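Results of the structural survey
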Amino acid sequence: MANTAQARKRARQNTKRRQHSASQRSMVRTYLKRIDAAIEAKDYDAATEAYKQAVPVLDRMADKGIIHKNKAARRKSRLNKTIKGLQA
């Protein structure tokens with residue numbers, strides 16, 4: 001347990017930040033699930049539209065440090081490759 005006023009404040013800040021980051025990660029997962037659902041349905045147009053909406057969100061979360069930048073790049077690359085495969 002935090003004993004000093006400074007430590008108590010840091011504990012409060014950490015709790016608040018952890019909740020905010022969890023919310024942001026959840027939002028990213030929701031966008032990715034929309035893409036996955038469109039891919040499962042083999043709907044190229046819906047998958048493309050969902051991908052276009054998800055890319056800026058992934059980039060923004062990578063910039064903020066919510067997810068690692070390489071993870072964001074990897075997810076975008078793999079999803080784009082899968083969507084391109086639907087077109088063929």
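Structure first, text after, so check above.
Overview of the structure. (Residues numbered from 1 in each chain as written. Predicted model: local features only at pLDDT ≥ 70, side-chain atom pairs only at ≥ 80, totals over all residues. Heavy atoms only, no water.)

Two quantities define a packed helix pair, namely the angle between the axes and the distance from one axis to the other. Closest axis-to-axis distance for the helix 1 (residues 5-40)/helix 2 (residues 44-64) pair is 9 Å, and the angle between their directions is 160°. Here helix 1 is positioned roughly antiparallel relative to helix 2, judged by the angle of their axes. Helix 2 is crossed by helix 1, and the crossing has left-handed handedness. Contacts between helix 1 and helix 2 pair Gln24, Met27, Val28, Tyr31, Leu32, Arg34, Ile35, Ala38 and Ile39 from the former with Ala46, Ala47, Ala50, Tyr51, Gln53, Ala54, Val57, Leu58 and Met61 from the latter. (Axes fitted to C-alpha atoms, helices over the stretch in contact; angles between N-to-C directions. Helix = DSSP H or I, 4+ residues; strand = E, 2+ residues; numbered from the N terminus. Parallel < 35°, antiparallel > 145°, perpendicular 65-115°, else oblique. Left-handed = near helix turned anticlockwise from the far one by under 90°. Contact = heavy atoms within 4.5 Å.)

A few words now on the packing of helix 2 against helix 3 (residues 69-87). It is the contact of helix 2 with helix 3, at a shortest axis distance of 10 Å, that shows an interaxial angle of 170°. The angle between helix 2 and helix 3 falls in the class roughly antiparallel. Note on element contacts: helix 3 touches helix 2 through Lys69, Ala72, Lys76, Leu79, Asn80, Ile83, Leu86 and Gln87, opposite Tyr44, Ala47, Thr48, Tyr51, Val55, Leu58, Asp59 and Ala62. Here the contact of helix 2 with helix 3 is built from residues that sort into ten nonpolar, three polar and three charged. (Nonpolar A, V, L, I, M, F, W, Y, C, P; charged D, E, K, R; others polar.)

Here we come to the pattern of salt bridges. Tallied over the full model, the rule gives one salt bridge. Linking Lys76 and Asp59 is a salt bridge whose minimum nitrogen-to-oxygen distance equals 2.6 Å. Placement of the pair is Lys76 in helix 3 and Asp59 in helix 2, with a sequence separation of 17 residues. Residue classification places Asp59 among the partly exposed residues on the basis of a relative accessible area of 30%. (Salt bridge = Lys/Arg side-chain N within 4 Å of Asp/Glu carboxyl O. Buried < 20%, exposed > 50% of the residue type's maximum accessible area, 1.4 Å probe, protein only.)

Moving on: the packing of aromatic side chains. Evaluation of the coordinates by the stated rule reveals zero aromatic pairs. Across the ring face of Tyr31, the terminal group of Arg34 is positioned such that the distance to the ring centre comes to 4.9 Å. (Phe/Tyr/Trp six-rings, centres within 6.5 Å; stacked < 30°, edge-to-face > 60°. Lys NZ or Arg CZ within 6 Å of the ring centre and 35° of its normal.)

Helix length check: helix 1 (36 residues) gives 52 Å between terminal C-alpha atoms against 52 Å at 1.5 Å per residue, within 8%. Ser21, Gln24, Val28, Leu32, Ile35, Ala38 and Ile39 are the residues of helix 1 that are buried. Close packing links the buried residues of helix 1 with helix 2 and helix 3. Lys42 sits one or two residues past helix 1 and shows a positive phi near 55°. (Expected span 1.5 Å × (residues − 1).)

Considering the arrangement of structural elements, one finds Ala46 in helix 2. Between the C-alpha atom of Ala46 and that of Ile83, which follows or precedes it by 37 residues, the distance is 9.9 Å.

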